[in-house]
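Coordinate inspection notes
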Amino acid sequence: MSTIIRLSMKNIFRNLKKGLRCGFGLKCPRCSTGSLFVKRFRMHINCPNCNLKFEREQGYFIGAMYINYGATVFLVFPGYFLIDLFNSIPFLANFCVWGVVSAVFPIFFYRYSKSLWLNMDYILNPNT
Ligand SMILES: [Zn+2]
């Protein structure tokens, strides 16, 4: 019993590691070599290497918005409070800096959030 649990935990960590590697590398979750993006904001419809369809259904990448939002909040809130705690920057300057970061970071992280969403979903539902 414990061997089965240990093996499945090992598989979970291996799949999670692969998902994060492919997610941040902007690679296909099935073959790990096909590129997800044609251009900066334009995705391939299918994987150029293994032909996996990336957008499984209409509205599929709404979950990527949650990842993008969470990453932005995870960056901006601690950043604001850490700078406020350890520096004597005026409130308005600190607020403006993190306001700009919260507007620019999601644009930068757009590709990664879609890639991470696709890879995490493929780990949980590889057959669909
Ligand atoms: Zn592929």
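Residues numbered from 1 in each chain as written. Predicted model: local features only at pLDDT ≥ 70, side-chain atom pairs only at ≥ 80, totals over all residues. Heavy atoms only, no water.

**A word on the overall build of the protein chain**
Counting secondary structure elements, the protein chain contains three helices and zero strands. The linear arrangement of helices and strands in the protein chain, starting from the amino end, is α-α-α. On the principal axes, the C-alpha backbone points of the protein chain span a range of 55 × 45 × 25 Å. Sorting the 128 residues of the protein chain into buried and exposed places 29% on the buried side. In the protein chain, the proportion of contacts linking residues at least 24 apart, taken out of those at least 6 apart, comes to 55%. On the protein chain, roughly 8,900 Å² of surface is accessible, and the fraction owed to carbon and sulfur atoms is 68%. (Helix = DSSP H or I, 4+ residues; strand = E, 2+ residues; numbered from the N terminus. Buried < 20%, exposed > 50% of the residue type's maximum accessible area, 1.4 Å probe, protein only. Contact = heavy atoms within 4.5 Å. Areas by Shrake-Rupley, 256 points an atom, 1.4 Å probe, with all protein chains shown as cover.)

**A few points about the layout of surface pockets**
In this structure, the largest pocket occupies an estimated 150 Å³ of space. Lining the largest pocket are Val73, Val76, Phe77, Tyr80, Phe81, Phe95, Trp98, Gly99 and Ser102. Residue assignment for the lining of the largest pocket shows that the elements contributing at least two residues are helix H2 (62-86) and helix H3 (91-124). The element contributing the most residues to the lining of the largest pocket is H2, with five residues. (1 Å grid on protein atoms, 1.4 Å probe; cavity = no way out; pocket = protein on both sides within 12 Å on 5 of 7 lines; lining within 4 Å. Points joined across faces, edges and corners; volume = space filled by probe spheres on them.)

**Some words on the packing of aromatic side chains**
Inspection of every chain in the model, using the stated rule, returns 10 aromatic pairs. An angle of 45 degrees between the planes, with centres 6.1 Å apart, marks the rings of Phe105 and Phe108 as tilted. Taken together, the positions of Phe105 and Phe108, both in helix H3 and three residues apart, correspond to about one turn of that helix. With relative accessibility at 43%, the residue Phe108 sits in the partly exposed group. Linked through ring pairs, Phe24, Phe105, Phe108, Phe109 and Tyr112 together constitute an aromatic cluster. It is Arg111 that lies over the ring of Phe37; its NZ or CZ is 5.0 Å from the centre. A cation over an aromatic ring shows up here: Lys114 above the ring of Phe61, its NZ or CZ 4.7 Å from the ring centre. (Phe/Tyr/Trp six-rings, centres within 6.5 Å; stacked < 30°, edge-to-face > 60°. Lys NZ or Arg CZ within 6 Å of the ring centre and 35° of its normal.)

**A word on the coordination of the zinc ion**
Coordination of the zinc ion by the protein involves Cys28 (SG), Cys31 (SG), Cys47 (SG) and Cys50 (SG), with metal-donor separations of 2.2 to 2.3 Å. Of note, the donors binding the zinc ion are all from one chain and are spaced C-x2-C-x15-C-x2-C. (Donors = N, O, S within 2.8 Å, 3.2 Å for Na, K, Ca; no water.)

**Considering the nonpolar core**
Of all hydrophobic cores here, the largest spans 18 residues; its most connected members are Leu36, Met43, Leu52, Phe54, Phe61, Phe109 and Leu118. For this core, the elements supplying multiple residues, two or more each, are H2 and H3. No other element matches the six residues that H3 contributes to this core. (Core = buried A, V, L, I, M, F, W, Y, C linked by side-chain atoms within 4.5 Å.)

**Describing the packing of H2 against H3**
H3 packs onto H2 with a crossing angle of 150 degrees between their chain directions and a minimal axis gap of 8 Å. With respect to their mutual orientation, H2 and H3 come out roughly antiparallel. Here the hand of the crossing between H2 and H3 comes out right-handed. When its residues are assigned to classes, the contact of H2 with H3 shows 17 nonpolar, seven polar and two charged. (Axes fitted to C-alpha atoms, helices over the stretch in contact; angles between N-to-C directions. Parallel < 35°, antiparallel > 145°, perpendicular 65-115°, else oblique. Left-handed = near helix turned anticlockwise from the far one by under 90°. Nonpolar A, V, L, I, M, F, W, Y, C, P; charged D, E, K, R; others polar.)

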